[in-house]
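Residue-level structural notes
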Amino acid sequence: SRHIREMETLFQQATLTADASLSREQLIDLLENKHPATFRFLEKTSATIKLTGNHEFNSTSLLDAIDSSDDNNITWADFHAFLQRTAQAYQAKGGDKRRDGSPQVRYIVQQCLSETTRKWKEVLTTKFGQSTVNGLASGVPYRFRVIALNRNNLESAPSASCVVTTMLETPPPPSIDDRRGDPVSAREIKFAWDKTAVFASGLNQREQRKHAIDNILSEWTDAGPDDEGAVSVKKTFRRQTTFRKTDNDMEIISSSDMANILRDLGVPDTREKVQETFLALKAEEERLVDEATARGRTMGRTNVSEYISLDLMKRWWNSDNITYEIFRSEGTQVEWKPHGKVAVSASKISPSVCKIPCYKGSKPYGTVRGLAPNTLYYFTLRLSTSRAQSCSSKVIEITTAPDTPEQPVLISSDARELTLKWYPGKNGAHKYLLEGKLHEALDAHTTASVAQAAKKEKERGWVTYFEGHENTAKVVKLLANSAYYFRVSCLNTKGVAGMPSKMVICRTEPRRQSLQPKNADEFFTIECTGDVVVGDTILFTERLYIGRDGKLLTSSNPLAFTRSLGADGSRGESRLGRYVGERTIAASVLKDIYRSPRHTLEVGVAKPISRRMLRLEVIWSTVSTEEACDHVLRKDAIIQMDEEQIFEFETFRVPVSPCCARRLPSC
C-alpha cells in the first residue's frame, strides 16, 4: 500500500545503526513528525483489530506491538512485517466499512508543488467525478493529478497530470485619454488605462519576492532557477519528439512542435496563439541581440521559423510583459431624425458584442482607428501574458464625433440678417453649431457709430449664432453693409463636436429690402417650375374652402393646408366645401424635407422621402374677398405645405443675389 512504500523510503533515509535498525525514539519521531498519515492509520485501525491488545493506543503500546523483545532497536524487517500483519487483520475485519449508500470509490486530487523534485500535495477528496479547487492565485500555471481510493483505502496508480493556468484578474474598462487632446474624433478614439490597476501578478508577497529574485539571478547568470515549480519548461521541452542538442550543447526543438509544447504548458494551442508566440520569440531574440551589441558582445541569431532554443523559450515563458487588447462592436449608426430624436441604447450591454480586435500593444494607452463618424461603439479591454489572459472588462460606450460638414452657403441676405444653409458629412449629425465673427464693416471709415460698433463686435471674436437640429439658420442683429466669417460644427448625441467646416465670408446688404404687395411685381420676376430651394422667397396663390363646420379645410397634417381639387367654385364646393376666395402668400422657404437618393446614400441615413413638403415663413399675405379676411396669415407665421399645392397655380420667386448660392433638391 501507499503507507508501506512511503515508510520504507523514510526508514532508509533515516540514520540507521550498524545493524540497519532504528531506536524506538527515532521510530516514534519518524511516525509522528515525518509520516503522520501512517501514525493516524495505525491509530484508526487499533480499535478495529485491537492492535495494542487491551491497552490504550499510545507510543509505548504501539512499540510493544511492533517488537515485544527487550531490544531497544527495531529493524525495517520487523516494522514491515508488523505493517503487513496489521493490513491483513484490518482487511479481514472488513476494514473501515461504510454505511449503505456510501461511495465505493473516492478520488484524491493532488497538486504538484515541484515537477523537478516530484513533490505533490493533497488538495481535496471527493466522491464525484468533478470538483472545484479554490484558493488559487490568478495568472499562475498549476499541475494536477487524481488518485482513486476504494472502500478499503487501497489506492490506484496516479492518473496522467494535466496543466491549467488560472486567468488574470479582469481589468476595468478603458477610459478616454483626455491628456492627448481631442480624444474622440470622427474616425478615431484615444484610450488610456491605469497599468497598476488593470494587472495583478497572481502571486502572494513571498512568491512575488522569490519570483523577482529568480528573474534577477536569471539575468546575471543567463539561466533560470533550477526548480521551476509545478510546470517545468525544461522538462516539457525535453519531452518533445524533435528535441535534440546541437554541437555547442544548445537544446532545441523543431518549430513544428510549437503547438505541442504550448499544449503541454497549459497554453491554448490555437493558430493565433502559435503565431503570436513565434513573433514574441523573434522580438525577444532581437532584444537580446541589441543588448549584447550595446555591451560589446557578439550574439548570433537563430532561425525561429525552423527551430526553437530552450533558453529563448524559458525567457518567453518567464516574461511578465503584459499585452493589452481592445475589442469593439460592429457599430450602430445613430438614427438621423428631425428635432433631435435619436435612438436610445440598451441599459446593459454584454462584453460578447465586442468581437472585433482594434488595438493590441504593450503600452498603457492606444488609439483605435478606422471608425465611422457619428456611430455608437462598445469597447472592452483584455489582458494577456505569455502564460494566461483575463476575461474581457465591462463595456464602455462611446459615440464618435460627426464628420466635417460642408462649407455653409449663403441663401439670402438683408441689411441686418443673413440666412445660411449647410449639409452634414457622412452619417449625419445630432445638432449643429453655427459660429461667426465680424471681418469688416464697410461703413466704418465713414461713420463713427459704425466704427465703434464694429470695434465691439470684433472684440467678441467667434460668436455662437445658432445651436439646434435644423441645417438652416437665420442670423439676425448684424451690422449692415458688413462682411462676416461663418463656420459650422456638428455635434453628436453626447455633445462631442467634430472638426468645423471651412469658413465662408458673407456680406449684409447696405439697406433693407421692403417686400410689400404693392411692389411684388418688382421683386418676384422669375417664374418657378418646381426648382424652389431653401432660401428662396416665393409668391404663390391658393384657393380657400370652408367646410360644413365653418372651418378652413386642412390635411391630416395640421400645418399643411389641403390642396384644392377643383378649378371652379361649384366643383370645389361639392367636393370640399364652400369656396370663399383666393389667398396670395409671399414667404421664405425655411426647410425642405425632401431627401434625394444621392443625398441619402452620401449621408448614410434612411431611405429617401418621396413626398416633398416645404416649411415656409410668411412675409405677407392677402385675400381676394372680404369673406376670406379671417384667413389672412400674420407676418413671420410658420406654415408647411405640399409642393403640389404651391405649384397648383403660377409661382414666382425673387432673383438670388450673385453672392448667394442655390442647391436644387435633386443634388
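Per-chain numbering applies: the sequence of each chain, read as written, is numbered from 1 onward. The predicted nature of this model means local features are confined to residues of pLDDT at least 70 and side-chain atom pairs, given and counted, to a pLDDT of 80 or more, with totals for whole chains, interfaces and linings taken over all residues. Excluding hydrogens and water, the side-chain values take into account all heavy atoms of the structure.

**Regarding the overall build of the protein chain**
Secondary structure is summarised from DSSP: a helix means a run of H or I of at least four residues, a strand means a run of E of at least two, and numbering begins at the N terminus for each. When helices and strands are counted, the protein chain shows 16 helices and 30 strands. Categorising residues by exposure relies on relative accessible area from a 1.4 Å probe, with only protein chains included: less than 20% of the type maximum marks a residue as buried, more than 50% marks it as exposed, and the intermediate range marks it as partly exposed. For the protein chain, with 667 residues in total, the buried portion stands at 42%. Long-range pairs, those at least 24 residues apart, make up 71% of the contacts in the protein chain between residues at least 6 apart in sequence. With residues, only the protein chains shown are counted as cover, and all accessible areas are computed by Shrake-Rupley using a 1.4 Å probe. Counting only carbon and sulfur atoms, one obtains 49% of the accessible surface of the protein chain, whose full area is about 36700 Å². Contacts were defined at the residue level, with two residues in contact if any of their heavy atoms lie within 4.5 Å.

**What about the packing of helix H10 (residues 271-294) against helix H11 (residues 310-317)?**
Here the axes come from fitting lines to C-alpha atoms, over the contacting stretch only for helices, and the angles between their N-to-C directions go from 0 to 180 degrees. Put simply, H10 and H11 touch, their axes get as near as 10 Å, and they point 105° apart. Judged by the angle between their axes, H10 and H11 are roughly perpendicular. Facing Thr277, Ala280, Leu281, Glu284, Glu285 and Leu288 of H10, the residues of H11 in contact are Leu312, Met313, Arg315 and Trp316. Note on residue categories: nonpolar means Ala, Val, Leu, Ile, Met, Phe, Trp, Tyr, Cys or Pro, charged means Asp, Glu, Lys or Arg, and polar means any other residue, Gly included. By residue class, the composition of the contact of H10 with H11 is six nonpolar, one polar and three charged. If an angle is under 35 degrees, it is roughly parallel; if it is over 145, roughly antiparallel; if it lies from 65 to 115, roughly perpendicular; otherwise it is oblique.

**Some details on H10**
A helix is expected to span 1.5 Å multiplied by its residue count minus one. Across its 24 residues, H10 extends 35 Å between first and last C-alpha, which sits within 8% of the 34 Å expected from 1.5 Å per residue. Looking at the buried side of H10, the elements it contacts are helix H9 (258-264), strand S11 (307-309) and H11. Phi turns positive one or two residues past the end of H10, at Gly296, with a value near 80°.

**Topic: the pattern of salt bridges**
By salt bridge we mean one thing: a side-chain nitrogen of Lys or Arg within 4 Å of a carboxyl oxygen of Asp or Glu. Per the counting criterion, the structure on display carries 26 salt bridges. A salt bridge links Arg460 to Glu457; its shortest N-O distance comes to 3.5 Å. By relative accessible area, Glu457 is classed as buried at 12%. Each of Lys273, Glu276, Glu325, Lys360 and Arg382 takes part in salt bridges that share partners, so that together they form one network.

**Notes on the environment of Val267**
Looking at the secondary structure, you find Val267 in the loop between H9 and H10. Linking Val267 and Ser386, residues 119 residues apart in sequence, is a C-alpha distance of 8.4 Å. Aside from chain neighbours lying at most four places away, what touches Val267 is Leu262, Lys273, Trp317, Ser386 and Arg387.

**A few points about the sheet that holds S11**
A strand pair is defined by DSSP finding two or more bridges across the two strands. Here three strands make up an open sheet; going across it, the order is S9-S10-S11 and the pairing antiparallel. Among the strands making up the open sheet, the edge pair consists of strand S9 (244-245) and S11.

**So, the nonpolar core**
Residues Met258, Leu265, Leu281 and Met313 are the most contacted members of the largest nonpolar core, which totals 23 residues. For this core, the secondary-structure elements that each account for two or more residues are helix H8 (233-238), H9, H10 and H11. The contact partners of Met313, leaving out residues within four places of it in the chain, are Val233, Phe237, Met258, Ile261, Leu262, Leu265, Leu281 and Ile308. Counting residues in hydrophobic clusters, the runner-up holds 21 residues, among them Leu418, Leu438, Leu479 and Cys506. Nonpolar core, defined: a set of buried Ala, Val, Leu, Ile, Met, Phe, Trp, Tyr and Cys residues in which side-chain atoms within 4.5 Å join the residues together.

**Thoughts on the pairing of strand S16 (residues 375-384)**
Most of S16 sits out of view: nine of its 10 residues are buried. Here strand S12 (residues 323-328) runs beside S16; their pairing, made up of six bridges, is antiparallel. What sits directly across from Glu325, in S16, is Arg382. Of the pairings in the sheet, the one linking strand S13 (residues 332-333) to S16 comprises two bridges and is antiparallel in character. Its bridge partner being in S16, Gln333 is matched across the sheet by Thr375. As judged from the four bridges shared by S16 and strand S17 (residues 396-399), these two strands associate in the antiparallel manner. In the sheet register, Tyr377 faces S17, and the bridge partner there is Ile398.

**Remarks on the packing of aromatic side chains**
Pairing of aromatic rings covers Phe, Tyr and Trp, the last counted by its six-membered ring, and requires centre-to-centre distances within 6.5 Å; plane angles under 30 degrees mean stacked, over 60 mean edge-to-face, and any other angle means tilted. Counting across every chain of the model gives 12 aromatic pairs. Through a chain of ring-to-ring contacts, the aromatic side chains of Phe191, Tyr377 and Phe379 assemble into a single cluster. Here, over-ring charges are defined by two tests on the NZ atom of lysine or the CZ atom of arginine: distance to the ring centre within 6 Å, and angle to the ring normal within 35 degrees. One residue, Arg145, lies across the ring of Trp120, its end atom 4.1 Å from the ring centre. Looking at Arg487, its charged tip hangs above the ring of Trp462, at a distance of 4.0 Å from the centre.

**So, the environment of Lys474**
Mapping Lys474 onto the fold places it in strand S22 (residues 472-475). Between the C-alpha atom of Lys474 and that of Gly535, which follows or precedes it by 61 residues, the distance is 9.7 Å. When near neighbours in sequence (up to four residues on either side) are disregarded, Lys474 contacts Glu417, Leu418, Thr419 and Glu617.

**Some thoughts on the sheet that holds strand S19 (residues 418-421)**
Pairing within the open sheet is antiparallel, and its three strands lie in the order S18-S19-S22. Looking along the sheet, the strands with just one partner apiece sit at the ends: strand S18 (409-413) and S22. Averaged over all neighbouring strand pairs, the angle between strand axes comes to 25°, with direction disregarded.

**Overview of the confidence of the model for the protein chain**
In low-pLDDT regions, the fine details of the predicted coordinates are not to be read closely. How sure the predictor is of each residue is captured by pLDDT, a score from 0 to 100. Across the protein chain, the average pLDDT comes to 79, with 75% of residues at or above 70. Low confidence marks residues 200-206, where pLDDT is under 50. Its contacts with residues over four positions away, or in another chain, come to 13 contacts. Between residues 337-341, whose pLDDT stays under 50, and residues either more than four places distant or in other chains, the model counts six contacts.

**Quick word on the environment of Leu479**
Structurally, Leu479 is set in the loop between S22 and strand S23 (482-491). Along the sequence, Leu479 and Ala453 sit 26 residues apart, while their C-alpha atoms lie 8.2 Å from each other. With residues up to four places along the chain from it excluded, the contact list for Leu479 reads Ala415, Arg416, Leu438, Ala441, Ala453, Ala454, Tyr484 and Thr508.

**With respect to H11**
For an α-helix the count is 3.6 residues per turn, leaving residues at separations of three or four pointing the same way. Counted residue by residue, H11 has seven buried out of eight residues, so it is predominantly covered. Listing the buried residues of H11 in full gives Leu310, Leu312, Met313, Lys314, Arg315, Trp316 and Trp317. Looking at the packing, one finds that the buried side of H11 touches strand S5 (141-150), H8, strand S10 (251-254), H9, H10 and S11.

**Here we look at the side chain of Glu617**
Within the secondary structure, Glu617 is located in strand S28 (residues 613-623). Judged by its relative accessible area of 14%, Glu617 is buried. Here Lys474 takes part through its side chain, which lies 3.1 Å from a polar atom of the side chain of Glu617. Each residue touching Glu617, except ones within four places of it in the same chain, is listed here: Lys474, Ala586, Ala587, Ser588, Leu590, Asp636, Ala637 and Ile638. The definition of a polar contact used here is a pair of N or O atoms within 3.5 Å, where within protein one atom must be able to donate a hydrogen and the other to accept one, and adjacent residues in sequence count solely through side-chain atom pairs.

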